[in-house]
Amino acid sequence: MAMLFDPGALDSLSEDAISDILHDWAHFCSLTTSLLSRSQDGPHSQLGPTVASLCDRGLAFLLQDHFLLSLEEAFKRSAVKKFWQQFDSYFDASAIEKAKFHVQESWPEEILTKSLEQICSEKRSQENCLLLLIEALKSYEQSSKEERNTDHSQLISRYQLMVSSVLLTTLPWDFPDVLRIYFKKKLEELNSMMADGDNDELDINTDNFPNDAGYSYMDTSMYECNGLVMQIGKVVSDLRSLGFTSMAEDAYSSAIFLLLKAKVNELAGDDYRVPVLWSLKKWIRAVPLQFLHDLLGYLGDSIEGEKDSPSVKSPLASQPSSVPGIGIPSEALVRWQLRLEYFAYETLQDLRIGKLFEIIVDYPDSSPAIEDLKRCLEYTGQHSKLVDSFISSLKYRLLTAGASTNDILHQYVSTIKALRTIDPAGVFLEAVGEPIRDYLRGRKDTIKCIVTMLTDGNGGNSGSSGNAGDSLLEELNRDAENQDGAEFEEDGGTDEKQAWLNAERWEPDPVEADPLKGSRNRRKIDILELMVGIIGSKDQLVNEYRVMLAEKLLNKSDYDIDSEIRTLELLKIHFGESSMQKCEIMLNDLIDSKRTNANIKATLGKSVATGPEQGETDVSLDILDATILSSNFWPPIQEEELNIPCSVDQLLSDYGKRFHEIKAPRKLMWKKNLGTVKLELQFEDRGMQFTVSPVHAAIIMQFQEKPSWNSKSLAAEIGMPADALNRRIAFWISKGVLTESAGAGHDDPIFTIVDSMSDFNKNGLASEGCQLMEEESERSVASVEEQLIKEMTVFEKFILGLLTNYGTATLDKIHNTLKMFCTSEPTYDKSLHQLQSFLSDLISEEKLEMRDGSYSLKK
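Thresholds applied
- Residues numbered from 1 in each chain as written.
- Predicted model: local features only at pLDDT ≥ 70, side-chain atom pairs only at ≥ 80, totals over all residues.
- Heavy atoms only, no water.
- UniProt positions renumbered as here; feature names shortened; annotations may be inferred.
- Buried < 20%, exposed > 50% of the residue type's maximum accessible area, 1.4 Å probe, protein only.
- Helix = DSSP H or I, 4+ residues; strand = E, 2+ residues; numbered from the N terminus.
- Contact = heavy atoms within 4.5 Å.
- Pairing = 2+ DSSP bridges.
- 1 Å grid on protein atoms, 1.4 Å probe; cavity = no way out; pocket = protein on both sides within 12 Å on 5 of 7 lines; lining within 4 Å.
- Points joined across faces, edges and corners; volume = space filled by probe spheres on them.
- Nonpolar A, V, L, I, M, F, W, Y, C, P; charged D, E, K, R; others polar.

The protein chain has the name Anaphase-promoting complex subunit 2 in an unreviewed UniProt entry, where Rhynchospora pubera is given as its organism. Entered under Sequence similarities (unreviewed entry) in the UniProt record, the comment concerning the protein chain runs "Belongs to the cullin family."

Next up, the structure:
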């Protein structure tokens, strides 16, 4: 007889049969109520016959449904309502923020444990009642003559589904937060215990690793940790039995990741000089992974990995064959390890990217942080995040009007070196460096600062304690060391074995790479090439270096040029000998000057008198060192009319005659305004030493004749304009040597020598070693900008004529026309940027105007 209920069958039943069914059904309902109320009258023995009688009538499914419905109503009434009421005092729906704060700060964790124990106890009691029904059904099937394959486990599944449905439909909105807070506190407690045990015994001593498999703790720490893991495992097990499997895993997963994030922040912090990843991975294996291993073991999940199965591989992190304290991990544990390590890499990466500007400022001291970031990016592949974040930081923190060009260049050099570590191919450096290069092209002193970094050993930081690593001289040295090897490789000198090794190490460019730039060209880009790229051409850099070198050589008081020769040789390797030929001749002039100067002094060997009588005005030729220039190879020299004292003029004349005798037919043409003069001024009660320009020396030497001069008389005596004199004499006033007082006219002050020590002390200056602070207007050599204006003046009439004929013309059209027609001397060889600068000067002089990108004559 089938156990299905057919309502149509009731029509064929007699009234007695129907009365028997109703009687049996009423009895079954009574037994169900007694079972669920835990009656001790023993209704168990009566359940079997009643169930069998109803099954004979085809009411098996109906009684099962009724029994489950009764279980559901009893579960709601006696368990669910009471369970949620345990948390009512900690959930305040009318004050959400207050409720969250209350839960986080003072929520008693024992309530969750006790509530879960109570509701799980009620659930187990009901499961026992359900098992009695299943036993009754099985007994009926065994007594029946027909064979049946009824799966009574479906009743258990239906009951479990009912429990889960009832709890989820009545779930408070913030119960998941309760679980997260519980697991967070427990894991923090576990971490604290294991950290204490680590401090006591885990000092990476091999005695602490029994069987080379794991950590050993003190007995107390071990029992405490195991007890805590069992508490957590009991809560997870209870939650699983109630159908909260996914919610429980989400809760303790969230707590683990929060704890991991806090650990990353603790280890990383703002100290960039210590690597973090190794310590972080060690902690992951010692705390969260060990906890998960113990938790999965408590819950009865798979623990040991199958030795015959291949180990799990991942593109994110390499997995060891054995984990300390765990052994060979299971597949589930390996996946957990991958998740934790990836999260750690990503979190550390985000921290380092957020502080990348500060890290690069501290480079190379911050190299460990750069190495950590490199490894993180290799796992996560989120290089675009680095590029976007760092470009944003550069725009708001570096590329501003308040930042000096020197600071920007130093940061750019450090950026190149740091990103070259992260990405040797230079793909991401191209993207990051482009905003810096564009900004630097708009700065007028960029070329000068780059040349200073190339020639100055401290990287352009005058008197600085900055990083020596910022100096581009290091790159010149490195380039020189690698030059031979590079040339050998270019000529195909690499042997076959090395070629195969290079081929095996080859990797394709990242997807972010510019397809217009080959990987071979990208690898050859170095810091100097990038610097030249900012300027536009190496010729501009060489010209600026030539001007700076000339200025430095003309202001030297001796012939010590060893550092300049070394720098020139390095520049020749990088930029070619032909580009540096004029600079080499300038240095040779100083070498020849030293030899010539020694020869002249050796032949004379005595003092040369300036007049027929010997006295205090005699000047010895030994005090004169001349720098003899090959003027055709030097930049344009700034000339200034100057009348020097007769004794000095006679000394120069005698030197020139002797030179003519030795180097006939060549003669010297003295640039009297150039050079340096070492002076010792003797006053009534003090002496002062200075190193000044010839102009300043000529000014102060006039006060040997008389103690006071008015401005116009002194200017006429020296042979220079009065306004220029007033500007230069301010140096002596600032040093306390001269004083200024009102004269006959407002533009003709009187200058007087200071003999009193008290007046001098007011200036608070030392009496020795005072050096002249040269102003920009006192340059010995015309600047590159001044030379450009002078050279471009030749083309001014041509430009004005072109605009007269065409009316308007763009910058490109003017540039191309000049290149096309100005092919004879003087040849037009300027860049677009140089032409644009010159046209801007013509606009400021109101000779031209520009509208909509086109130039025209000023109307």
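**Student:** Outline helix α27 (residues 694–701), listing residues and values.
**Tutor:** For α27, a buried count of seven out of eight residues is recorded, marking the element as mostly surrounded by other parts of the structure. The set of residues buried in α27 consists of P694, V695, H696, A697, A698, I699 and I700. Elements that come into contact with the buried residues of α27 comprise β3 (677–682), β4 (687–692), α28 (711–718), α29 (722–734), β6 (738–741) and β7 (750–753).

**Student:** Pulling in residues and values, what's your account of helix α22 (residues 527–535)?
**Tutor:** The periodicity of an α-helix, 3.6 residues per turn, causes residues three or four positions apart to be oriented the same way. In terms of residue burial, α22 counts as a mostly covered element, since seven of its nine residues are buried. Residues I527, L528, L530, M531, V532, I534 and I535 constitute the buried set of α22. Of the residues flanking the end of α22, it is G536, one or two places downstream, whose phi is positive at about 115°.

**Student:** Help me get a handle on the pairing of strand β10 (residues 848–851), residues and values and all.
**Tutor:** For β10 and strand β11 (residues 854–857), the ladder comprises four bridges, and the chain directions are antiparallel. By the bridge assignment for β11, R851 is matched with S854.

**Student:** Explain unusual backbone geometry residue by residue, including any values.
**Tutor:** Backbone geometry follows two general trends: most residues other than glycine have a negative phi, and most peptide bonds adopt the trans configuration. For the bond from Y363 to P364, the omega torsion is 10°, close enough to zero to count as cis. With respect to the helices, strands and loops of the structure, P364 is situated in the loop between α13 (356–361) and α14 (367–380). Residue E846 is not a glycine yet carries a positive backbone phi of 60°. E846 sits in the exposed class, given a relative accessible area of 59%.

**Student:** Explain empty space enclosed by the protein to me, and be specific about the residues and the numbers.
**Tutor:** Following the criterion strictly, the structure yields one cavity of 30 Å³ or more and no others. One number sums up the size of the largest cavity: a volume of about 40 Å³. Surrounding the largest cavity, L377, H383, L386, L419, I422, D423 and F428 form its lining. At the level of secondary structure, the elements contributing two or more residues to the lining of the largest cavity comprise α15 (383–397) and α16 (405–422). Across the lining of the largest cavity, the residue classes tally to five nonpolar, one polar and one charged.

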